[in-house]
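# Observations on the model geometry
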Amino acid sequence: MREGQAKVLSHDELKRVYAVAAASRNGNRDVCIIDFSFRLGLRVKEIAALMLDDILDGNGKVRDSFHLKADQAKGDKGRTIYLTNKKLRKNLEAYLAERWNDPNRHLFKSQKTAFSANTMQMLIKRLYEKAGIKGAKSHSGRRTFATRLIEAGYDIKSVSVLMGHSSIQTTSRYINENPVRLGQMIANL
């Protein structure tokens with residue numbers, strides 16, 4: 001990990017963050033925010049900018065995918081986000097069930113108003129601290145997303161597309177080297 005880079009979380013650290021999020025006062029919301037970071041690789045700014053209309057179709061059902069608009073993303077570069085993960089969908093539907101009559105159109109809200117990128121970042125930091133994870137930042141979900149996809153055998157070009165990067169060189173900076181995996185690769189030749 002380079003100086004200043006957000007930590008990539010281990011499986012156990014991820015479990016702790018989810019447990020802390022689920023036990024919070026806004027458990028379903030906080031679990032979904034963690035999902036959008038770790039399972040979708042979204043930036044804090046992107047999560048905070050999401051509207052209900054982005055993820056729901058005309059019948060109020062969760063879409064399989066949606067287009068993250070350029071003004072919601074970094075560098076005014078939109079991309080397709082896939083809501084196909086079964087755990088994410090289950091968590092999202094539980095959260096949305098709490099909001100069925102809420103007139104606020106932002107997907108995630110803090111108290112009565114929408115999150116700003118800064119307040120979203122502070123919430124995620126608080127969840128990491130409560131989980132006892134040192135070195136984690138709001139970008140840890142995004143880095144963990146990229147690293148896990150590469151470790152699962154997906155090609156870097158596809159991961160780059162999912163992350164909204166123009167270059168695979170940018171994506172490569174997100175991925176943690178895993179010495180155990182590297183050793184296994186050589187052992188299996």
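Whatever comes next refers back to the structure up there.
Think of each chain on its own: its residues are numbered from 1, step by step along the sequence as written. Predicted model: local features are reported for residues with pLDDT of at least 70 only, side-chain atom pairs are reported and counted for 80 or more only, and whole-chain, interface and lining totals are derived from all residues. Side-chain measures here rest on the full set of heavy atoms in the structure, leaving out hydrogens and waters.

## Description of helix α6 (residues 117-130)
Heads up, the condition is: Helix and strand labels come from DSSP, where a helix needs a run of H or I of at least four residues and a strand needs a run of E of at least two; each type is numbered from the N terminus. Multiplying 1.5 Å by the helix residue count minus one yields the expected span of that helix. We call two residues contacting when some pair of their heavy atoms lies within 4.5 Å.
Compared with an ideal rise of 1.5 Å per residue, which puts 14 residues at 20 Å, α6 spans 20 Å between its outermost C-alpha atoms and is within 8% of the ideal. Close packing links the buried residues of α6 with α1 (11-23), α2 (27-38), α3 (44-49) and α7 (140-151). Backbone geometry just after α6 places G132 at a positive phi near 75 degrees.

## Things to note about helix α8 (residues 156-163)
The condition that has to hold: Only protein chains enter the accessibility calculation, which uses a 1.4 Å probe; a residue whose area is less than 20% of its type maximum is buried, one above 50% is exposed, and one in between is partly exposed. This arc corresponds to the set of directions leading from the helix axis out to the C-beta atoms.
Listed as buried for α8 are V159, S160 and M163. Buried residues of α8, viewed axially, fall in a sector of 105 degrees; they line one side. Of the surrounding elements, those touching the buried residues of α8 are β2 (79-82), α7 and α9 (168-172). One or two steps after α8, the chain reaches G164, where phi turns positive at roughly 80 degrees.

## Some details on the packing of α2 against helix α5 (residues 86-98)
Packed helices, taken two at a time, are described by the angle between their axes plus the distance between the axes. We count it as follows: Only the stretch in contact is used when fitting a helix axis, every axis being a line fitted to C-alpha atoms; angles between N-to-C directions are given from 0 to 180 degrees. If you view the pair so one helix is near and one far, a crossing is left-handed when the near helix is turned anticlockwise from the far one by less than a right angle, and right-handed when it is turned clockwise. Lys, Arg, Asp and Glu make up the charged group, whereas Ala, Val, Leu, Ile, Met, Phe, Trp, Tyr, Cys and Pro make up the nonpolar group; the residues left over, Gly among them, are polar.
Axis separation between α2 and α5 bottoms out at 9 Å; the angle between their running directions is 145 degrees. Crossing hand, α2 versus α5: left-handed. Residues N28, R29, V31, C32, D35 and F36 of α2 pack against K87, L88, N91, L92, A94, Y95 and E98 of α5. Residue classes in the contact of α2 with α5 are distributed as seven nonpolar, two polar and four charged.

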